[in-house]
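Tertiary structure, described
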Amino acid sequence: MAVSRVPHRNVPVHRSRPAISVGPGLVVDTAATIGLVVSMFMLWRAVGVHTREVPASFLWDKDATGDPSLLIFLIPLAALLCIGSLMRGDAALRLFAGFLTMVVVGLFAYQLHELTDAFGTSFGDALDPGFYVAGIAAIAGFVSGFLPTALASRRVDDDVA
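Residues numbered from 1 in each chain as written. Predicted model: local features only at pLDDT ≥ 70, side-chain atom pairs only at ≥ 80, totals over all residues. Heavy atoms only, no water.

What follows is about the nonpolar core. In terms of nonpolar packing, the biggest core is built from 25 residues, with Leu-36, Trp-44, Leu-70, Leu-74, Phe-108 and Phe-131 touching the most fellow members. Mapped by element, the contributors of at least two residues to this core are α1 (24–40), α2 (71–86), α3 (91–119) and α5 (129–144). In this structure Phe-108 touches Trp-44, Arg-45, Val-54, Phe-58, Leu-59, Leu-70, Leu-127 and Phe-131, once residues within four positions along its chain are discounted. (Core = buried A, V, L, I, M, F, W, Y, C linked by side-chain atoms within 4.5 Å. Buried < 20%, exposed > 50% of the residue type's maximum accessible area, 1.4 Å probe, protein only. Helix = DSSP H or I, 4+ residues; strand = E, 2+ residues; numbered from the N terminus. Contact = heavy atoms within 4.5 Å.)

Together, Ile-83, Leu-86 and Met-87 make up a nonpolar patch on the protein surface, roughly 310 Å² of accessible area in all. Inspection of the secondary structure assignment puts Leu-86 in helix α2. Classification of Leu-86 as exposed rests on a relative accessible area of 68%. (Patch = residues over 30% accessible without salt bridge, like charges linked within 9 Å, V, L, I, M, F, W, Y side chains within 5 Å. Areas by Shrake-Rupley, 256 points an atom, 1.4 Å probe, with all protein chains shown as cover. Salt bridge = Lys/Arg side-chain N within 4 Å of Asp/Glu carboxyl O.)

Across its 17 residues, α1 extends 25 Å between first and last C-alpha, which sits within 8% of the 24 Å expected from 1.5 Å per residue. Structurally, α1 contributes buried residues whose contacts are with β2 (43–45), β3 (49–50), α2, α3 and α5. (Expected span 1.5 Å × (residues − 1).)

Moving on to the packing of aromatic side chains. One pair of aromatic rings is described through two measures. These are the centre distance and the angle between the planes. Tallied over the full model, the rule gives seven aromatic pairs. For the ring pair Trp-44 and Phe-131, a centre distance of 6.2 Å and an interplane angle of 75° mean the geometry is edge-to-face. Note that Trp-44 is positioned in strand β2 and Phe-131 in helix α5, a separation of 87 residues in sequence. Put simply, the rings of Trp-44, Phe-58, Phe-108, Phe-131 and Tyr-132 pair up and form one aromatic cluster. (Phe/Tyr/Trp six-rings, centres within 6.5 Å; stacked < 30°, edge-to-face > 60°.)

Structure (structure tokens):
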């Protein structure tokens, strides 16, 4: 006697696929990257001084003039933040980029404070919103290194009849 098995149509077939999960580290680092890029197009110093007009050597010499501009530091740091958000589990890169961005923003603030102090003007009045946006982006980029890029992997079952 031959016995054949006919599949039942009511039995679900389970296939699993990984669910796409976005973690807080990815969200915060993406916001930090966008903030840093936006700050490059904003004024950092009063009297209409753009970041492309601030010499890179201003970070260690308040009397600096010439090229290259501050963008030579900011563009690679924004790229590092972006790469850190795209690569899974690359918290060290996000920490490094966020820390270096804080150093650049901090050195800019220190030198500008020294410059305004020499002329007897107010340091707070010499800053424009681009500086603050870059500072917030630097802190957010650094903090994102402590946050997971993706949430725990979950499996989703598809029921196929």
